[in-house]
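Notes for the structure review
For reference, the chains in residue letters:
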Amino acid sequence: FYDANGKPIVDTIINLTGFALVGGPASQDHKKAAQVLKKLNKPYMCAVPLVFQSFEEWQASELGLHPIQVALQVSLPEIDGAIEPIIYAGREGATGRSVPLADRVNLLADRALKWSKLSNKPKQDKKIAITIFSFPPDKGNVGTAAYLDVFDSIKAVLGELKEQGYDIGDAPLDDKSAIMAQILDDPEAKISSPDLNVAYRMSTDEYYELTPYAEDLEENWGPAPGNLNSDGQNLLVYGKEFGNVFIGVQPSFGYEGDPMRLLFAKSASPHHGFAAYYTYLEKIFEADAVLHFGTHGSLEFMPGKQVGMSGTCYPDRLINSLPSAYLYAANNPSEATIAKRRSYSATVSYLTPPAENAGLYKGLKELKELISSYQGLRENEGRGPAIVNSIVSTSYTCNLDKDVDLPDLETYDAAKDTAENRDGIVGQIYSQIMQIESRLLPCGLHTVGVPPTAEEAIATLVNIAQLDRPEDKIEGLPRVIAASIGRDINDIYRGNNNGVLEDVELNTKVTDASRAAVRALVQQSTDSSGRVKEVKNMFDEVGGMIGAMLGAKKPWTKAIMDAGFSAVDEERLAPVFTYLEFCLKQIVADNELGGIMELLNGEFLMPAPGGDPIRNPDVLPTGRNMHALDPSSIPTQAAVEVSEGVVRKLLEKLKDENDGAFPESIAFTLWGTDNIKTYGESLAQVLALVGVRPVSDSLGRVNKVELIPLEELGRPRIDVVVSCSGVFRDLFINQMNLMDRGIKMAAEADEPLDQNFVRKHAMEQAEELNVSLREAACRVFSNSAGSYSANVGLAIENGGWE
């Protein structure tokens, strides 16, 4: 792999084993693999041979690659940093002989050569296509993406391209509005309107000549040019060229023409305008690479197999041999994984804006002020009851009676009530408005390459600091603060949730102290512009040692003491603040522009997990090739323990609301992203309700389940109905089988029907439908393979719903 001088002599690396680079299928060392690959610094592709299916079975399957192979030979190599899981060989069904799949081998070779060309071609000659999205169409959404300021970020990318020697022509770099103006005359442009700049008019003759699958689209869309991205004679490609950079608008999915067509037709396809766009990029503009800009477009969700594309799958046909980089939100690894596997994209993660407290407004703000007044005058028999009456009245005005059990507005008089009852009413209302105020909402939009402001860093770190991390021996900041006054934070949370006025006040005080302490940490590293560019080390420097010798407190300790917790233990605070300092460094260590350029320059981009940076700060820094987790490893033991507690609290709440009776059935929707972020917590909640325990093998892979005996469970088995999203289905099909197996085990268990609602309902349904008990116990559902959403909203919007 290296010459005598230690310089790599390879341009692209293709792994044909289909396994992780270090360790194979049984055990892996992903960190070492990534280090080896980064030293070579070339694109790393992991092609896959068919093992569990014949060539004919794979071709006929809507699922594509067998789920076991997806786990072993797609998911695990992705953690090494692999891209493009292209099938290259398979067994003949009749003879069992292994045969190469000629069209797949050709595609693999073409794509490998295109990736290698990125590192060899002079930068000033390279052509880059930046693709922006417009969804939903016809709503002024050109150039939108989840949590991303698209045009400001494009401006930053263009600046970096120019600095590195790419030809960006006369692209304006001063103001994003200048870029917007050249792509669309009106920033509120509709995709079907003439306001979008037309970069190219493709005649139908040219389209049919250059697009080999064009005739296959006629079944759904008729002959070209059709009505979408068309002027009636030509197919229109929207966008603008700046030197060797083309910024184009990806056409809409096609729903707006007939939303029911793609919803139900097995032979669904993209429309001619969509195909023409990618034909233009590859064969007319002759792009060396395409950069899909933000979360997310439609390419990866086009009809075809789930994993292991064939030459008739539309994502494969559309992207063909074009190297694809895809800028994707770091908190959405599930859909990023779809893009990696179905559209052969190397992903670059970008930071989502920090979640901030929602705050209060109008009546809710007035309500909080009334409660503050009551806290000071609750002992005043004249003023106190009057304020409570105002609080109850304002609560009704704010519709809090839907969430809180309030006394009757017409008949209640606080003056005739006891002080204890008044406190209880005010406490419940206060708890509810604090819950509303502290609800987390994303704050603003992220711009690629711009370091976070101090306030953004504080918002992120406050949320990180809340969590206990027993695996790292780190107590959450609220727990340490509460302990300083002899309270357990869980008791405070419980009292807050139950509306105990004293605990609601204390919870607010602890939260304020946490924020003040984190602010003190971040302010040590904030520059004059209010941003954090370099983190000052607060633990290893000599000044800190001298300060400690002189008895000086750390800034965060002083902030907590000033907030009313004078006995807080500085030594007990040290682990969480050491961790927060590390997290702050990760937040600041942004490599988003660098990651994009590494891919466009044909280099290896280091892998990183995707998910919630608050729960898992290893997601940071962004700008790396995002992957999901090993699907066979969930639910983890930690997720199971958390889920058991959640299920216990849920059942207690539902029992209280139902006169002490357990619910017999609970419905679930399982999402891919949620289960990646939580390592399978909601999946584990389903199993816990049924009274089933996941069992992992010696390698930590969850491959079977067992029934928890009723004596140990201590309650009835609750029936469930589970709807899995298309992304969950793609990523966790083995876990769907585990759920199905566990539910059917419960249905077939010979137990009293009043202690096993799964069996009770399955027996009733078996009798009603005249089917076997096992068939009647089906509880896990998803839409068909290759389909991603019921699209009911689009059907309603386009008048296709009756």
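Residues numbered from 1 in each chain as written. Predicted model: local features only at pLDDT ≥ 70, side-chain atom pairs only at ≥ 80, totals over all residues. Heavy atoms only, no water.

1. Considerations on the nonpolar core
- Ranked by internal contacts, the top residues of the largest apolar core, which has 124 residues, are Ile 247, Phe 293 and Met 739.
- Residues Val 462, Ile 464, Leu 477 and Ala 482 belong to the second largest nonpolar core, which totals 41 residues. (Core = buried A, V, L, I, M, F, W, Y, C linked by side-chain atoms within 4.5 Å. Buried < 20%, exposed > 50% of the residue type's maximum accessible area, 1.4 Å probe, protein only.)

2. A short note on the packing of helix H16 (residues 454–466) against helix H22 (residues 570–588)
- Between H16 and H22, whose axes approach to 10 Å, the crossing angle comes to 140 degrees. Classified by the angle their axes make, H16 and H22 are oblique. Every pair of crossing elements has a handedness; the one defined by H16 and H22 is right-handed. Contacts between H16 and H22 involve Ala 457, Thr 460, Leu 461, Ile 464 and Ala 465 from the former and Tyr 579, Leu 580, Cys 583, Leu 584 and Ile 587 from the latter.
- Within the contact of H16 with H22, the residues separate by chemical class into 9 nonpolar, 1 polar and no charged. (Axes fitted to C-alpha atoms, helices over the stretch in contact; angles between N-to-C directions. Helix = DSSP H or I, 4+ residues; strand = E, 2+ residues; numbered from the N terminus. Parallel < 35°, antiparallel > 145°, perpendicular 65-115°, else oblique. Left-handed = near helix turned anticlockwise from the far one by under 90°. Contact = heavy atoms within 4.5 Å. Nonpolar A, V, L, I, M, F, W, Y, C, P; charged D, E, K, R; others polar.)

3. Description of the sheet that holds strand E10 (residues 289–293)
- An order of E7-E8-E9-E6-E10-E11-E12 is seen for the 7 strands of this open sheet, with the pairing classed as mixed. Strands at the two margins of the open sheet, each flanked by one partner only, are strand E7 (198–203) and strand E12 (345–350). Between one strand axis and the next, the sheet turns by 30 degrees as a mean value, whatever way the strands run.
- For E7 and strand E8 (residues 234–242), the ladder comprises 5 bridges, and the chain directions are antiparallel. Counted as the bridge partner of Ser 203 is Asn 234 from E8. (Pairing = 2+ DSSP bridges.)

4. Side note on the pattern of salt bridges
- Tallying each qualifying case throughout the model produces 29 salt bridges.
- In this structure, Glu 84 and Arg 111 form a salt bridge, with 2.7 Å as the shortest nitrogen-oxygen distance. With a gap of 27 residues between them, Glu 84 in the loop between helix H3 (67–80) and strand E4 (87–91) and Arg 111 in helix H4 (residues 102–120) connect regions that are remote in the sequence.
- Residue classification places Glu 84 among the buried positions, given a relative accessible area of 0%.
- The class of Arg 111 is buried, set by a relative accessible area of 0%. (Salt bridge = Lys/Arg side-chain N within 4 Å of Asp/Glu carboxyl O.)

5. Observations regarding the pairing of strand E20 (residues 719–724)
- The sheet contact formed by strand E17 (residues 665–670) and E20 spans 6 bridges and is parallel. Looking across to E20, one finds that Thr 669 is bridged to Ser 723.
- In this sheet, strand E21 (residues 780–782) lies alongside E20 in parallel orientation, the contact comprising 3 bridges. Paired with Ser 723 across the two strands is Phe 781, which belongs to E21.

6. Examining helix H18 (residues 489–497)
- Buried residues of H18: Ile 489, Ile 492, Gly 495 and Asn 496, and no others. For H18, the angular spread of buried residues about the axis comes to 120 degrees, placing them on one side.
- Residues of H18 that are buried make contact with helix H15 (419–437), helix H17 (477–483) and helix H19 (501–523).
- For H18, the N-terminal capping position is held by Asp 488, with its side-chain oxygen 2.7 Å away from the main-chain nitrogen of Asn 490. (Arc of directions from axis to C-beta. Polar contact = N/O pair within 3.5 Å; in protein donor to acceptor, adjacent residues only side chain to side chain.)

7. A short note on the environment of Val 692
- Secondary-structure assignment places Val 692 in strand E18 (residues 692–696).
- As for Val 692 and Leu 713, which are separated by 21 residues in sequence, their C-alpha atoms are 9.4 Å apart.
- The contacts of Val 692, once residues within four sequence positions are left out, are Leu 687, Val 705, Glu 706, Leu 707, Ile 708 and Gly 742.

8. Side note on the sheet that holds E4
- On the basis of which strands lie adjacent, the open sheet formed by 3 strands has the order E3-E4-E5 and mixed pairing. The sheet is open, and its two borders are formed by strand E3 (48–54) and strand E5 (98–100), each paired with just one other strand. In this sheet, adjacent strand axes meet at a mean angle of 30 degrees when their direction is disregarded.
- Alignment of E4 against E5, held across 3 bridges, turns out to be antiparallel. By the bridge assignment, Gly 90 is partnered in E5 with Val 99.
- Here H4 sits on the sheet and contacts E4 and E5; the angle it forms with E4, its principal contact strand, is near 155 degrees.

9. Details of the packing of helix H14 (residues 383–397) against H15
- With their axes 11 Å apart at the nearest point, H14 and H15 run at an angle of 35 degrees to one another. You can see that H14 and H15 cross each other, and the crossing is left-handed. Contact residues: H14 offers Pro 385, Val 388, Ile 391, Val 392 and Ser 395, while H15 offers Arg 422, Ile 425, Val 426 and Ile 429.

10. Some remarks on the side chain of Ser 514
- Within the secondary structure layout, Ser 514 lies in helix H19.
- Taking relative accessible area as the criterion, Ser 514 reaches 6% and is therefore assigned buried.
- With sequence-adjacent residues up to four places away left out, Ser 514 is seen in contact with Leu 477, Pro 478 and Ile 481.

11. Digging into a nonpolar patch on the surface
- There is a patch of nonpolar side chains on the surface, built from Val 51, Phe 52 and Ile 68 and spanning about 240 Å² of accessible area.
- With respect to the secondary-structure elements, Ile 68 resides in helix H3. (Patch = residues over 30% accessible without salt bridge, like charges linked within 9 Å, V, L, I, M, F, W, Y side chains within 5 Å. Areas by Shrake-Rupley, 256 points an atom, 1.4 Å probe, with all protein chains shown as cover.)

12. Some points on the packing of aromatic side chains
- For the structure shown, the criterion picks out 14 aromatic pairs.
- An angle of 25 degrees between the planes, with centres 6.3 Å apart, marks the rings of Tyr 280 and Phe 285 as stacked.
- Overall, the relative accessible area of 2% leaves Phe 285 in the buried class.
- Here the aromatic residues Tyr 200, Phe 246, Tyr 280 and Phe 285 are joined through ring pairs into a cluster of three or more.
- One cation-aromatic arrangement involves Lys 39 over Tyr 2; the distance from NZ or CZ to the ring centre is 5.2 Å.
- A cation sits over an aromatic face here: Lys 305 above Trp 58, 5.7 Å from the ring centre. (Phe/Tyr/Trp six-rings, centres within 6.5 Å; stacked < 30°, edge-to-face > 60°. Lys NZ or Arg CZ within 6 Å of the ring centre and 35° of its normal.)

13. Here's the deal with the state of the cysteines
- Here the structure, examined in full by the defined rule, presents 0 disulfides.
- The thiol sulfur of Cys 778 is not disulfide-bonded, and the nearest other cysteine sulfur, from Cys 724, lies at 13 Å.
- For Cys 778, a relative accessible area of 33% corresponds to the partly exposed category. (Disulfide = S-S within 2.5 Å.)

14. Side note on the confidence of the model for the chain
- In the predicted model, the chain carries a mean pLDDT of 85, and 91% of its residues have values of at least 70.
- In this model, residues 186–191 is a region of pLDDT below 50 whose contacts with residues beyond four sequence positions or in other chains number 21 contacts. (pLDDT = per-residue confidence, 0-100.)

15. Quick look at the side chain of Thr 279
- Along the chain, the position of Thr 279 falls in helix H10 (residues 272–284).
- The class for Thr 279 is buried, based on a relative accessible area of 5%.
- A distance of 2.8 Å separates the side chain of Thr 279 from the side chain of Thr 211, its partner in a polar contact.
- Apart from residues lying up to four places away in sequence, Thr 279 is in contact with Met 202, Leu 210, Thr 211 and Ile 284.

16. Things to note about the environment of Ala 33
- Topologically, Ala 33 is positioned in helix H1 (residues 30–40).
- Judged by its relative accessible area of 0%, Ala 33 falls in the buried class.
- Residues Ala 33 and Ala 20 lie 13 residues apart in sequence; the distance between their C-alpha atoms is 8.1 Å.
- Ignoring sequence-local partners within four residues, the contact set of Ala 33 consists of Leu 21, Val 22 and Asp 80.

17. A word on H10
- In terms of burial, H10 is largely enclosed, as 11 of its 13 residues are buried.
- Taken residue by residue, H10 has His 272, Gly 273, Phe 274, Ala 275, Ala 276, Tyr 277, Tyr 278, Thr 279, Tyr 280, Leu 281 and Glu 282 as its buried positions.
- Downstream of H10 by a residue or two, Glu 286 has a phi angle that is positive, lying close to 60 degrees.

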